Structure formats: structure tokens, C-alpha cells
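Descriptive analysis of the structure
Residue strings, one per chain:
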Amino acid sequence: MNSPTLSASRPLRILQVFNRYLQPGGEEKSVARIASDLESGGHTMARFWRESAEWQQPGAPPKWKQPFLLWRNPAVLGELRRLHESFRADLWLLHNVVPVVSLDVYRLAGELRTPIIQWLHNYRPFSPSGNMFAGRELLKPDDPRIVWKETLHGSWNGRILTAWLAMGYARLKRRGDFDSVSAWVAVSEQMKQIFARACWFPDRLHALPHSWHAQPAPADTRDDGYFLFLGRMVESKGVRFLVELWHDPGLREVELVMAGDGPLASELRAQSPPNVRWVGHVEGDVKQKLKAGCRAILFPSIWPEPLSTVAYEAYEANKPMLASNQGGMPEVVMHGQTGFLLPPGDGPAWRQQIIQLAQDAALSARLGIQGRRWLDAEVSPARWVARFDSIARQSGCLR
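Thresholds, definitions, all that
- Residues numbered from 1 in each chain as written.
- Predicted model: local features only at pLDDT ≥ 70, side-chain atom pairs only at ≥ 80, totals over all residues.
- Heavy atoms only, no water.
- Axes fitted to C-alpha atoms, helices over the stretch in contact; angles between N-to-C directions.
- Helix = DSSP H or I, 4+ residues; strand = E, 2+ residues; numbered from the N terminus.
- Parallel < 35°, antiparallel > 145°, perpendicular 65-115°, else oblique.
- Contact = heavy atoms within 4.5 Å.
- Nonpolar A, V, L, I, M, F, W, Y, C, P; charged D, E, K, R; others polar.
- 1 Å grid on protein atoms, 1.4 Å probe; cavity = no way out; pocket = protein on both sides within 12 Å on 5 of 7 lines; lining within 4 Å.
- Points joined across faces, edges and corners; volume = space filled by probe spheres on them.
- Expected span 1.5 Å × (residues − 1).
- Buried < 20%, exposed > 50% of the residue type's maximum accessible area, 1.4 Å probe, protein only.
- Polar contact = N/O pair within 3.5 Å; in protein donor to acceptor, adjacent residues only side chain to side chain.
- Phe/Tyr/Trp six-rings, centres within 6.5 Å; stacked < 30°, edge-to-face > 60°.
- Lys NZ or Arg CZ within 6 Å of the ring centre and 35° of its normal.
- Pairing = 2+ DSSP bridges.
- Right-handed = clockwise from strand over helix to strand, strands pointing away.

Things to note about the packing of helix α1 (residues 26-40) against helix α14 (residues 381-394)
The N-to-C vectors of α1 and α14 enclose an angle of 85°; their axes lie 9 Å apart at closest approach. Between α1 and α14, the crossing angle belongs to the class labelled roughly perpendicular. Taken together, the residues of α14 that come into contact with α1 (itself represented by Ile34, Asp37 and Leu38) are Pro381, Trp384, Val385 and Phe388. A breakdown of the residues in the contact of α1 with α14 according to their chemical character gives six nonpolar, no polar and one charged.

Put into C-alpha cells, the structure is as follows:
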């Protein structure tokens, strides 16, 4: 089956498909921003969003049936077909589709002769978990046994479901359902290279970093001296490393604020020293105030994070970033200019850089101002839409 293409020289009618996660996060915000940017760029959008929470509510399919619906969910796919036909979509823009939308969404697009642009927010589908971890071991994308290693460790909701999801993706690839995908879009060049190393349709891979709707620079220029972590409390984000690092006597007088929620929150809160403050999940004014008062934002990810918009949030508030030197972060953190890039999990290196900034508020201010300049110049919505249209044109979806 050949990938369908479009020949219309007009703005596109785009149907966005997204299965929301149980816990909201950066991907959900990115999906919403993508739709908004495309509308502002002249395209017409329809949103087909479903929620994983649907399968935990009254009236949900029985547990034994849910794995089969993960492969093919006729009722949801029927709704999608009807929306497609009434909306007359030119193109589907896919994000996460499991478990409720189901993997057979690719086959349905092929039947409808509708091209797909698939946004890649993590390393699924060649890594069932999406993060290339088997236990605490970071796997290589070209490891021929990556699926088996992740399955053995139950990286995605246990061994059985990890194996089931991996089998589902293998089934799609074997029968050619991914032919309906005209472009696979990674959110960083490094992420694109990782997919290429995994031999995942290298001729259809593209890279397009997130855009950002920058708000005016804050009038509040205070700096209360604490360091801030914003994100989910999971192993891959390096939160355990941070809490262990803050036991260092050299950081006894430095405050760390942990903002976010997740499976490790309770465990790590109980282990943290007195100068670590836990504030839970934050949004709105509370979040803005936390960013405004910090010395720097920390991103100690221990996996190759595709690209985190937490760097954008830091720069918007005129704050520098300290981030792990891997994944897509070196593309948005300029070492010594907008922050510092550090080896993941390297306690002495992180300790030294944190102490330097803790003792030099002026340096932090200079780095933050340069970060704001970079943000305003590089990631505007208008620039993002132009690059999206270029990808759509290259992949045959826009002529």
C-alpha cells in the first residue's frame, strides 16, 4: 500500500488524534499548542481526543477485553471515521493513540486513503515503554533485543502488557499499516537521529522542535535563591538523583523546590533533607511565582529526553537552565550562554555548578536574559508553522 498524498494548494483540514494520559504532562500541552498554532497559521482543525481514564470509569470495558481493544477498538474507530467523513479531513495528525483509540487507527487511515503525520513525543513504537529503559538500564536504539529486554522488565504496565503492545506494533509494521504515515516528526534533531539508528523509516523522518507562546517578561525580578525542579516524579526525570545530591553537605544552605507529582513523590519526600521543599503539582499563578523566585531551573534527566519545554519556561521567566547533556536538551540549552549542560547522574559536576550559581546571582541573571533573547528569536509560533508547512510539502501532504 503506497502512502496517500494530497495535491490541494490550499490550507489543510487537519484532524488531530490524541489519547490523553492518566496524568497530564508536557505532551498534552504540546498537543494543544500544536493545534492552536496550526489554526493561527490558516489551517482548519478538528480534535479527536480520548482519555485513558475512560477505561477506569463506570461503564468501561471489562479488564479482560481492554487488551484486545488496544489493538482494535471498533466503536472508537467508528466515531473517528464519522468525524473524518463529516469534517472532510485532508490529513490526520496523530500523537499517542493507546490504549483507547487503538493501534488500528493506522489501518483505518489507509482504508480512507488519508495521509498521517505522526508526532513523536517519545521513543515508541520501537521502544514499547517509550523511554528505552529496561529496569534502570538505558538501552540502545539499535539493540536488536530492545523489545525483549523491555518485556522482561515489564517496562510498560508489566510484562504481559509490554509484550502485547510490542506485538501490536510489530503486527502493524508487518502488514504495512504504517504506509499511511507520510511523515514521522521528532521534536529534536537528536531524537530524529535516535529513530534513524533504530531504522525506523529513515526516509520519512523529520525534526521540528516545539514552539512557544512567549508571555511578556515578568516585571518581578526577585531572586530568592532556591533551585527549582518542574516535572513528573519518575525515575527517568532524575528526581532520585536530585534528592540524593541534596544530601551533600556542600548544599546544606541551598534550598531545592520540587514541583510536580508522580509515583516517586511520596517515597522521595520521605527521604529528602530539610532544605528540600515539596509543593506538588502546580499551575497558573503559583507556578509563575515559583519560577520568578528561583535562581535556576534544574532538569537532571537520566534518559535522552527528546526535548523538554521546561527550558522555554525558564527562559520566559529570565531564568537559566541546568540540564543533562543528552537527548534534545543541547539544542535548547547553550552551555555557558543560557545555562549549563552537565553529565547525567554526575554528582560532583552538578554540585559544583549549583554551588557556583548559588554564590553568583549576577551570573544567573545574565544567563536568564540571554535565554529570553534566544526564546524570542527561535521558537515563535509563526516560525513553527512555516516549518510544519515545509514538512507537509516535502511529505506530499501540501502542494
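Here the narrative resumes.
A look at empty space enclosed by the protein
The tally for this structure, following the rule as stated, stands at one cavity of 30 Å³ or more. When its volume is computed, the largest cavity comes out at roughly 150 Å³. Lining the largest cavity we find 15 residues, and of these His95, Asn96, Gln118, Asn122 and Arg124 sit closest to its centre. Among the elements that make up the lining of the largest cavity, the one with the highest residue count is strand β4 (residues 116-120) (three residues).

Regarding helix α12 (residues 347-359)
The end-to-end C-alpha distance of α12 is 18 Å, a good match for the 18 Å that 13 residues give at a rise of 1.5 Å each. For α12, the complete set of buried residues consists of Gly347, Ala349, Trp350, Gln353, Ile354, Ile355 and Leu357. Along its buried surface, α12 packs onto β9 (226-230), α8 (239-245), β12 (294-299), β13 (321-324), β14 (339-342) and α13 (361-378). The N-capping residue of α12, defined by a side-chain oxygen 3.2 Å from the backbone nitrogen of Ala349, is Asp346.

A few points about the packing of aromatic side chains
Across all of its chains, the model carries 23 aromatic pairs by this definition. Look at Trp71 and Trp164: their rings are 4.4 Å apart centre to centre, the planes differ by 15°, and that puts the pair in the stacked class. Remark: Trp164 occurs in helix α6 (residues 159-174) and Trp71 occurs in helix α2 (residues 66-71); sequence separation between them is 93 residues. Aromatic side chains Trp119 and Phe388 sit 6.1 Å apart centroid to centroid with 25° between the ring planes, which places their arrangement in the stacked category. Within this pair, whereas Trp119 is found in strand β4, its partner Phe388 is found in helix α14, the two being separated by 269 residues in sequence. What makes Trp119 buried here is its relative accessible area of 2%. Three or more aromatic residues joined by ring pairs make a cluster, and in this case those are Tyr106, Phe178, Trp184, Trp200 and Phe201. Just above the ring of Tyr226 sits the side chain of Arg277; from NZ or CZ to the centre is 5.7 Å.

Some thoughts on the pairing of β13
Where a strand is regular, its side chains alternate between the two sheet faces. Neither face of β13 is open: one carries Met321 and Ala323, the other Leu322 and Ser324, and all of them are buried. Sheet topology note: the β12/β13 ladder contains three bridges and is parallel. Of the residues in β13, the one forming a bridge with Phe299 is Ala323. With helix α11 (residues 310-316) bridging β12 and its parallel neighbour β13, the resulting β-α-β unit is right-handed. The pairing of β13 with β14 spans four bridges and is parallel. Counted as the bridge partner of Ala323 is Leu341 from β14.

Concerning the sheet that holds β9
Taking strand neighbours across the sheet as the criterion, the six strands line up as β11-β10-β9-β12-β13-β14 in an open arrangement whose pairing is parallel. Edge positions in the sheet fall to β11 (276-280) and β14, since each of these pairs with one other strand and no more. If you compare each strand with its neighbour and ignore which way they point, the axes differ by 20° on average. In this fold α12 packs onto β9, β12, β13 and β14, with an angle of close to 160° to the strand it touches most, β12.

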